[in-house]
Each structure stands twice: as C-alpha cells, then as structure tokens.
Amino acid sequence: MDSYLYIKAFHVIAMVAWMAGMFYLPRLYVYHVDAKPGSELSETLKIMENRLLRYIVNPAMILTWVLGLALIFAFDVIDLRTAGWLHAKITLVILLTVFHVMLARWRKDFAADRNVRSGRFYRVANEIPTVLLILIVIMVIVKPF
C-alpha cells in the first residue's frame, strides 16, 4: 500500500505540472497574437512556447497518464464495474489530452508565423483547462456516481 500512495502522490504532482502548462501556454498565445511576426518579442515567445511544451507540458502529461493507469491497473483498489466517477474522469482527461494536442498544433502555427486566430479565441481557449480541471477534481473527490 506504501507504493500505491507514492504513485498517487507523483500522479497528483505530474497533474499539477501538466495543468500549470495548460493554463500558461494559451496565455502565451494571447500575447503572441499581438507580437509582430519576426519581431524580438515574437521570437522570444516562440522559444518560450516550445520549451514549455517540450520540457514541461508533454512530459507531465505522459507521466500523469502512466501513473494514473498504474493506479487503476497495478493495484486492486478500484472496482471498474462500479466506478462511474472514474469512467467520467477518464473521459474528461481524454478531452484534456485532445486540448493539449490542439495547443501543440497552434504552437506550430505560431512557430511558422501562420497563426490565423485572434487573441479573443485564445482567451476563450484558456478557460477550457479550468473547466475540465474543476470537473475532474469533482469526479475524484466527490465521486458523484
């Protein structure tokens, strides 16, 4: 049971790192929209976005998934037949992962100076991880079904 708690702790730590990046990356895009392509600011934001995604957000997402799946399958503590909350959580995490992939694609657009989206678009997109996080935490803590 000791290893279960350590895996659970590192799962939460990885999730916090992932979510931090998911909140920050679209905010960088909001600033990047206003930067003139080729400007010093634009080039600096390209570096920041790339490093954030490659060195923090991607590894944190992978670790969150690996540790989460380990918690489900390596320990006999959750009855998958009756854990509707877990099915809902996994669905929400899949949606978060899809959003992560979208952020990576948008970064490529900025890197190639071909972004076509507005700052308002990225401001709205910036709210998506917040809504998903709230729902995921409710599923895990409240276990409504």
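Here goes a summary of the coordinates provided. Bear in mind the structure is a predicted one, so any value in this text is a computation, not a measurement. (Residues numbered from 1 in each chain as written. Predicted model: local features only at pLDDT ≥ 70, side-chain atom pairs only at ≥ 80, totals over all residues. Heavy atoms only, no water.)

### Observations concerning the layout of surface pockets
Then, in step 1: Put simply, the largest pocket is a space of about 620 Å³.
Then, in step 2: His11, Leu71, Trp85, Lys89 and Val140 are, among the 26 residues lining the largest pocket, the residues nearest its centre.
Then, in step 3: At the level of secondary structure, the elements contributing two or more residues to the lining of the largest pocket comprise α1 (2-33), α2 (40-73), α3 (84-111) and α5 (128-142).
Then, in step 4: It is α1 that provides the largest number of residues to the lining of the largest pocket, a total of seven residues. (1 Å grid on protein atoms, 1.4 Å probe; cavity = no way out; pocket = protein on both sides within 12 Å on 5 of 7 lines; lining within 4 Å. Points joined across faces, edges and corners; volume = space filled by probe spheres on them. Helix = DSSP H or I, 4+ residues; strand = E, 2+ residues; numbered from the N terminus.)

### What to know about the packing of aromatic side chains
Then, in step 1: Following the criterion strictly, the structure yields eight aromatic pairs and no others.
Then, in step 2: Between tryptophan 106 and tyrosine 122, the ring centres sit 5.6 Å apart and the planes meet at 75 degrees, which makes this aromatic pair edge-to-face. Within this pair, whereas tryptophan 106 is found in helix α3, its partner tyrosine 122 is found in helix α4 (residues 119-125), the two being separated by 16 residues in sequence.
Then, in step 3: Relative to tyrosine 122, the ring of phenylalanine 121 lies with its centre 5.2 Å away and its plane at 85 degrees, an arrangement referred to as edge-to-face.
Then, in step 4: Residue classification places phenylalanine 121 among the partly exposed positions, given a relative accessible area of 33%.
Then, in step 5: Site record: aromatic cluster; members linked through ring pairs are Tyr29, Phe99, Trp106, Phe110, Phe121 and Tyr122. (Phe/Tyr/Trp six-rings, centres within 6.5 Å; stacked < 30°, edge-to-face > 60°. Buried < 20%, exposed > 50% of the residue type's maximum accessible area, 1.4 Å probe, protein only.)

### Topic: the packing of α1 against α5
The relative placement of two packed helices is expressed as an angle between their axes plus a distance between the axes.
Then, in step 1: Look at α1 against α5: their axes get within 9 Å of each other, and the N-to-C directions meet at 150 degrees. Our classification of the angle between α1 and α5 gives roughly antiparallel. In this structure, the crossing between α1 and α5 has a hand that is left-handed. Contacts between α1 and α5 involve Met15, Met19, Met22 and Phe23 from the former and Pro129, Thr130 and Leu133 from the latter.
Then, in step 2: Looking at the contact of α1 with α5 residue by residue, the classes come out as six nonpolar, one polar and no charged. (Axes fitted to C-alpha atoms, helices over the stretch in contact; angles between N-to-C directions. Parallel < 35°, antiparallel > 145°, perpendicular 65-115°, else oblique. Left-handed = near helix turned anticlockwise from the far one by under 90°. Contact = heavy atoms within 4.5 Å. Nonpolar A, V, L, I, M, F, W, Y, C, P; charged D, E, K, R; others polar.)

### Some remarks on the nonpolar core
Then, in step 1: Ranked by internal contacts, the top residues of the largest apolar core, which has 28 residues, are Trp18, Met22, Leu25, Tyr29, Leu96, Leu103 and Trp106.
Then, in step 2: A per-element tally of this core places α3 first, with nine residues.
Then, in step 3: Discounting residues that sit within four places of it in the chain, leucine 103 has contacts with Met22, Leu25, Pro26 and Tyr29. (Core = buried A, V, L, I, M, F, W, Y, C linked by side-chain atoms within 4.5 Å.)

### Topic: the environment of threonine 130
Then, in step 1: Inspection of the secondary structure puts threonine 130 in helix α5.
Then, in step 2: Taking relative accessible area as the criterion, threonine 130 reaches 29% and is therefore assigned partly exposed.
Then, in step 3: Counting along the chain gives 78 residues from threonine 130 to leucine 52, while the straight-line C-alpha distance between them is 18 Å.

### Describing the side chain of histidine 32
Then, in step 1: Within the secondary structure, histidine 32 is located in helix α1.
Then, in step 2: Each residue touching histidine 32, except ones within four places of it in the same chain, is listed here: Ser42, Leu45, Lys46, Glu49 and Phe110.

### Looking at a nonpolar patch on the surface
Then, in step 1: Together, Ile134, Val137, Ile138, Ile141 and Val142 line one region of the surface with nonpolar side chains, adding up to about 460 Å² of accessible area.
Then, in step 2: Examined against the element boundaries, isoleucine 138 turns out to sit in helix α5. (Patch = residues over 30% accessible without salt bridge, like charges linked within 9 Å, V, L, I, M, F, W, Y side chains within 5 Å. Areas by Shrake-Rupley, 256 points an atom, 1.4 Å probe, with all protein chains shown as cover. Salt bridge = Lys/Arg side-chain N within 4 Å of Asp/Glu carboxyl O.)

### Observations concerning the environment of proline 129
Then, in step 1: Among the secondary structure elements, proline 129 is positioned in helix α5.
Then, in step 2: According to the relative accessible area criterion, proline 129 is buried, its value standing at 0%.
Then, in step 3: Once you skip the residues sitting within four places of it in the chain, proline 129 turns out to touch Met19, Met22, Phe23, Leu96 and Phe99.

### A look at the packing of α3 against α5
Then, in step 1: Axis separation between α3 and α5 bottoms out at 9 Å; the angle between their running directions is 160 degrees. Here α3 lies roughly antiparallel to α5, going by the angle between them. Considering the relative orientation of α3 and α5, their crossing is left-handed. Note on element contacts: α5 touches α3 through Ile128, Pro129, Leu132, Leu135, Ile136, Met139 and Val140, opposite Trp85, Ala88, Lys89, Leu92, Val93, Leu95, Leu96 and Phe99.
Then, in step 2: Its residues assigned to classes, the contact of α3 with α5 shows 14 nonpolar, no polar and one charged.

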